[in-house]
Each structure stands twice: as C-alpha cells, then as structure tokens.
Amino acid sequence: MLDWISANPRIFWTAVENHLWLSGVALLAVMLIALPLGLALTRHRSLANSAIAIVNILRTVPSLALLVIMLPVLGTGFLPSVVALTLYGLPALLLNTYTGLTEVDRDIVEAARGQGLSDVQVMTRIEIPLALPVIFAGIRTAAVQVVSAATLAAFIGGGGLGELITAGMANFNFPQLIAGAVAVALLALLVEIGFASVERVMTRSARMGA
Amino acid sequence: MIRLENVSKLFAGIARAAVDSLDLSVPEGRTCVLIGPSGCGKTTTMRMVNRLIEPSSGRIIVEGEDVTQADPVLLRRRIGYVIQQVGLFPHMTIAENVATVPKLLGWPAEKIRSRSEEMLALVGLEPAQFLSRYPRHLSGGQRQRVGVARALAADPPVMLMDEPFGAVDPVVRGRLQEEFVAILRRLKKTVIFVTHDIDEAIRMGDVVAIMKDGRLVQYDTPDRLLAAPADAFVADFVGADAALRRLSLVSAADAVEEGAPESSDLRLPASANLRNVLSALLTEGRDGATIVDDESRPLGRITLAAIRARSAGRPAEP
C-alpha cells in the first residue's frame with residue numbers, strides 16, 4: 001500500500017485534496033443552512049414538527065442512494081457531490097441545533113426575559129451559549145458523516161479518495177484499493193478525534209468553573 | 001405604586017377569563033400578596049404587570065405610567081423580577097448574574113461592581129466569597145438570595161416575586177421570609193408577591209389579595225383576613241387555624257400588660273409572638289408569662305385570659 005502511494009504520490013495526494021475539498025465545502029454548507037434553520041425552527045414551533053419529520057426521512061435515505069438521485073437532477077462532478085453530501089450531513093446538525101436550543105431550561109429563558117433582555121439578547125447571551133455543547137456535538141457528527149460519505153462521490157465523478165477504491169476494484173489493483181480505504185478511515189478518525197478534543201476544551205471552559 | 005384597573009385576560013381557546021375585570025391597588029412601599037388555589041389567576045395577574053403576559057383589556061399603572069403602552073423590554077428593566085426556580089444564568093458568575101440589568105442599562109463598570117458587592121452583602125452573602133463563583137456551587141437558599149440581589153440590582157421601585165421561596169426547605173424558607181420582609185420594607189419597595197401558602201402570605205404581606213376564578217374575593221390586611229373572612233371560600237382558605245395564625249401576627253412586646261411578675265410565671269422573650277406564648281403556656285400548664293427584654297428585664301405580663309380576649313377582639317380597621 002505504501003509502495004503504491006510512493007509510486008503514485010500525485011494521484012494519491014490529489015485524491016486526498018479533493019476529498020478534503022468535497023467534505024469541507026459540504027460541511028460549511030451544512031453549517032450555513034442548519035444553524036440558522038435550527039434557530040428559526042425554535043421560533044416557529046408549529047413548523048418544527050413537520051420539518052423534523054422531513055429531516056428524519058432524509059436521514060433514512062442511504063448515502064449512496066442520495067448521490068445517485070442527484071445524478072439525473074444535477075449531473076456529475078464536484079457540485080452535485082457537494083449538494084448530496086450537504087443533504088446527507090444536514091439532519092445531524094439541524095436536529096442537534098434545534099434540540100440544543102429547545103432544551104435550554106425554560107425557567108432561565110423566562111428569568112432572562114423578565115430581567116428585560118430583548119429577544120435577540122436572550123438568544124445570543126443565553127440560549128446559544130447554553131446550547132453550544134449540543135450544537136458542537138452536531139457539527140462533529142455531521143463532519144464525520146460527510147468525510148465518510150464523500151468516498152461515494154467517486155460514483156458520480158466527484159473525485160476524492162473513493163476514486164482510488166473504485167479504480168482499484170476495477171483494475172484488481174489491491175494496493176491502490178487499500179490505500180484509498182485506509183486513507184478514508186484514517187481521515188474520518190482524525191476528524192472525529194480533532195473535533196472531540198476541541199469539544200473537550202470547549203466543554204471545559206463552559207463547565208461553569210467546576 | 002401599582003394599580004390594576006378593570007384588567008382581564010382571556011387565553012385563546014379558553015372560554016373562562018383567566019383574570020376577570022380585576023381592580024387592585026398596591027400602595028407605595030407596601031407588599032401585596034396574591035394568593036389563591038392554582039388556576040385562580042394570581043400568577044397571570046403578576047405577569048401582566050411586567051407584560052410577560054399581555055392583558056386582554058384594562059389598564060395597569062406602575063409608578064404613574066400606563067405600562068400597557070410601554071415598551072415591554074424597557075419596562076422590565078425597571079421592575080425587579082424573582083421566580084421560584086430562580087433562573088440564574090448557569091454560564092455566568094454570580095457577579096455577572098447580579099449585574100444583568102445594570103449592564104443592560106449601560107452603567108459604568110466601576111458602578112456595576114460596587115453595586116453588585118453592595119447587593120450581595122444586602123442579601124447576606126459575603127461578596128469576596130461569592131462574586132466569582134458559578135450558580136451550581138451554591139445551595140438552593142443561596143441561589144434564591146442571589147436571585148433577589150439580581151432583581152434589586154438596578155434599584156427598581158417595584159418588585160414582582162413569584163413564589164420565590166417555594167423551592168427551598170422550610171427552615172431556610174422561614175429565615176429568608178424574615179430577612180426579605182425586613183429588606184423590602186427598609187428599601188420601601190412596592191411588591192407584588194405570589195404564593196399559595198397562607199402562612200407565607202400573612203408573614204410577607206402588608207395586604208393580602210385572595211383570588212378565585214380570576215376574581216378578587218377579599219383584599220385586606222392579614223389580621224382582618226384571618227378575623228373576618230369575607231365568605232366561606234376565604235374562611236376555608238385561611239383554614240381552621242385562623243385564630244392561631246392571627247395570634248402569630250402579634251409580638252409579645254406589643255401585647256404586654258402592666259403587672260408584677262408572679263412566681264408561677266413562665267419567662268419568655270419579647271421577640272416571641274402570641275402564638276408562641278400561648279403554646280408555651282399550654283405546654284407548661286401556666287396561666288401567665290412574664291415577658292422579658294434582651295437583658296432579662298421584665299416588660300410586663302401576658303395571661304391566658306388576655307390572649308383569649310385579644311383573640312375575640314375585632315381587627316383594627318385598615
């Protein structure tokens with residue numbers, strides 16, 4: 001496997017780079033959509049239930065199916081892959097954002113309003129800081145999901161480490177296949193560990209002085 | 001002063017008004033306790049004063065201003081607010097919690113700090129020890145003290161207190177009631193205090209408003225409420241112990257009569273109330289007690305006969 005990598009450094013590192021771009025852009029899109037949407041849903045509880053039902057359905061669609069469904073709609077390549085990955089990572093963060101915010105103790109919110117904090121101040125000073133650990137856990141879950149699922153982008157020409165795997169399979173090139181598979185696994189693990197440690201630092205500082 | 005004029009609140013989908021054409025006036029510097037069974041509208045009434053609930057009709061005047069026309073957010077910064085669950089912000093220190101409203105009002109940092117220290121000392125917490133702690137490090141009673149300090153921080157003329165001692169144990173509750181009655185009187189705050197505990201009501205209130213089904217049933221001093229309940233509902237609510245509760249409103253110091261100590265007398269401190277005195281006399285099987293001051297000097301006597309006569313007496317007109 002290492003032999004294959006040292007023999008084909010350009011192919012390998014391009015695949016890694018593509019993979020990171022795919023996941024990074026998708027994760028960014030997930031955050032840009034899920035955070036404000038989750039926040040908005042807490043202000044419109046009547047919409048929240050149906051929105052969550054839709055998101056839960058989305059969650060049961062297998063990642064490969066999602067990618068293939070994108071094919072006739074958006075064609076092949078980088079962008080359709082990003083769209084599919086965004087849809088794939090969205091539920092985890094949306095649900096955590098919504099749950100984190102709704103689980104903030106109502107008495108604390110009531111006290112804040114009673115002291116004369118405006119709606120925006122209640123949100124920025126009380127609700128979001130208190131929901132942050134749950135929201136961040138959602139970002140971490142979404143990141144790991146997106147990095148893993150990005151492997152499948154190869155099926156619709158999105159590039160990434162999945163290409164090493166599909167090409168390795170097609171050509172019975174096992175060192176190439178293993179290189180792709182191990183790299184994806186390592187990448188997912190790194191993302192998980194990285195986000196987990198950031199989360200630990202955050203919770204420690206938010207642990208309210210304990 | 002707080003005045004409610006013909007205030008009603010109807011909630012969507014509920015035919016009966018939660019609060020029904022209520023008129024209520026709390027004089028400047030006095031504490032009015034709203035009491036009644038759950039669902040009587042007492043909490044709704046209180047929450048309309050700081051517009052956490054919007055009244056359906058009527059006027060609410062706070063310090064001369066019709067608050068139904070005011071900006072609710074700015075209004076709430078002028079009204080202290082304490083709730084049973086305290087609702088301290090867990091991610092902020094005690095100092096930051098107490099400074100909430102002064103900070104919203106844009107006070108300079110130096111003034112905020114000295115005010116926070118002053119407030120903690122006022123509610124009996126050592127500032128140096130508590131300012132930098134977080135709420136989770138405090139006991140229930142200490143949190144409630146901080147809750148009151150936070151509500152008092154910007155020196156609002158008016159306070160709303162919703163069962164503020166409901167979540168602490170009875171011993172701590174008794175002590176907090178005693179301390180906060182003294183603080184609120186000294187600071188001359190106009191207070192609306194909600195409770196479902198009649199003993200708390202007569203202890204905290206200058207006036208007590210008993211509510212039922214969104215209406216005011218009786219509005220009177222604690223003594224008159226106990227001595228002359230307006231109807232069967234009030235009589236039932238103040239309970240079979242009304243006579244004893246009434247005695248607890250009178251301190252021994254106020255009830256002493258001239259008379260030389262007798263050898264069979266109990267000796268009781270002037271800080272006792274008549275209920276304590278009666279209980280002690282019955283327990284010891286005596287007919288009278290000599291009431292003494294802090295230095296054990298006799299102030300006079302209280303006899304069983306005198307207690308009985310007082311109990312039968314009419315309450316003072318308000």
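Whatever comes next refers back to the structure up there.
Residues numbered from 1 in each chain as written. Chains lettered and ligands numbered in written order. Predicted model: local features only at pLDDT ≥ 70, side-chain atom pairs only at ≥ 80, totals over all residues. Heavy atoms only, no water.

**Topic: the pattern of salt bridges**
Residues and elements named next belong to chain B.
Alright, step 1. The final tally for this structure, using the stated rule, is 23 salt bridges over all chains.
Alright, step 2. Arg246 serves as the salt-bridge partner of Asp223, at 2.7 Å between the closest nitrogen and oxygen. Of this pair, Asp223 sits in helix 10 (residues 222-227) while Arg246 is found in helix 12 (residues 242-248), placing the two residues 23 residues apart along the sequence.
Alright, step 3. The class for Asp223 is partly exposed, based on a relative accessible area of 23%.
Alright, step 4. For Asp293, the salt bridge is made with Arg297, and the minimal N-O distance between the two is 3.1 Å.
Alright, step 5. Arg297 sits in the partly exposed class, given a relative accessible area of 48%. (Salt bridge = Lys/Arg side-chain N within 4 Å of Asp/Glu carboxyl O. Helix = DSSP H or I, 4+ residues; strand = E, 2+ residues; numbered from the N terminus. Buried < 20%, exposed > 50% of the residue type's maximum accessible area, 1.4 Å probe, protein only.)

**Focus: the interface of chain A and chain B**
Alright, step 1. Of the residues lining the interface, 20 residues belong to chain A; the matching set on chain B comes to 25 residues.
Alright, step 2. Our count for the chain A to chain B interface comes out at one salt bridge.
Alright, step 3. Taken together, chain A and chain B are joined by six residue pairs in polar contact (both at pLDDT 80 or more).
Alright, step 4. Every element with two or more residues in the side of chain A that touches chain B is listed here: helix 6 (106-115) and helix 7 (119-149) of chain A.
Alright, step 5. Per element, the largest residue contribution to the side of chain A that touches chain B is eight residues, and it comes from helix 6 of chain A.
Alright, step 6. When its residues are assigned to classes, the side of chain A that touches chain B shows nine nonpolar, six polar and five charged. (Contact = heavy atoms within 4.5 Å. Polar contact = N/O pair within 3.5 Å; in protein donor to acceptor, adjacent residues only side chain to side chain. Nonpolar A, V, L, I, M, F, W, Y, C, P; charged D, E, K, R; others polar.)

**Things to note about the sheet that holds strand 1 (residues 2-9) of chain B**
All names here are of chain B.
Alright, step 1. In spatial order, the strands read 2-1-4-5; together these four strands make up an open sheet with antiparallel pairing. Unpaired on one side and paired on the other, strand 2 (19-26) and strand 5 (65-66) mark the two borders of the sheet.
Alright, step 2. Where strand 1 lies against strand 2, five bridges are found, and the strand directions are antiparallel. Residue Leu4 lies in a different strand from strand 2, and its bridge partner there is Leu24.
Alright, step 3. Strand contacts of helix 1 (residues 42-49): strand 1, strand 2 and strand 4 (57-62), with the helix running at about 120 degrees to strand 1, the strand carrying the most contacts. (Pairing = 2+ DSSP bridges. Axes fitted to C-alpha atoms, helices over the stretch in contact; angles between N-to-C directions.)

**Describing unusual backbone geometry**
Residue and element names in this part refer to chain B.
Alright, step 1. Phi at Ser21 is positive, roughly 45 degrees, even though this residue is not glycine.
Alright, step 2. When you line up the elements, Ser21 lands in strand 2.
Alright, step 3. With a relative accessible area of 34%, Ser21 lands in the partly exposed category.
Alright, step 4. Backbone geometry places Asp213, a non-glycine residue, at a positive phi of 50 degrees.
Alright, step 5. One can find Asp213 in the loop between strand 9 (207-212) and strand 10 (215-220).
Alright, step 6. The exposure class assigned to Asp213 is partly exposed, which follows from its relative accessible area of 42%.

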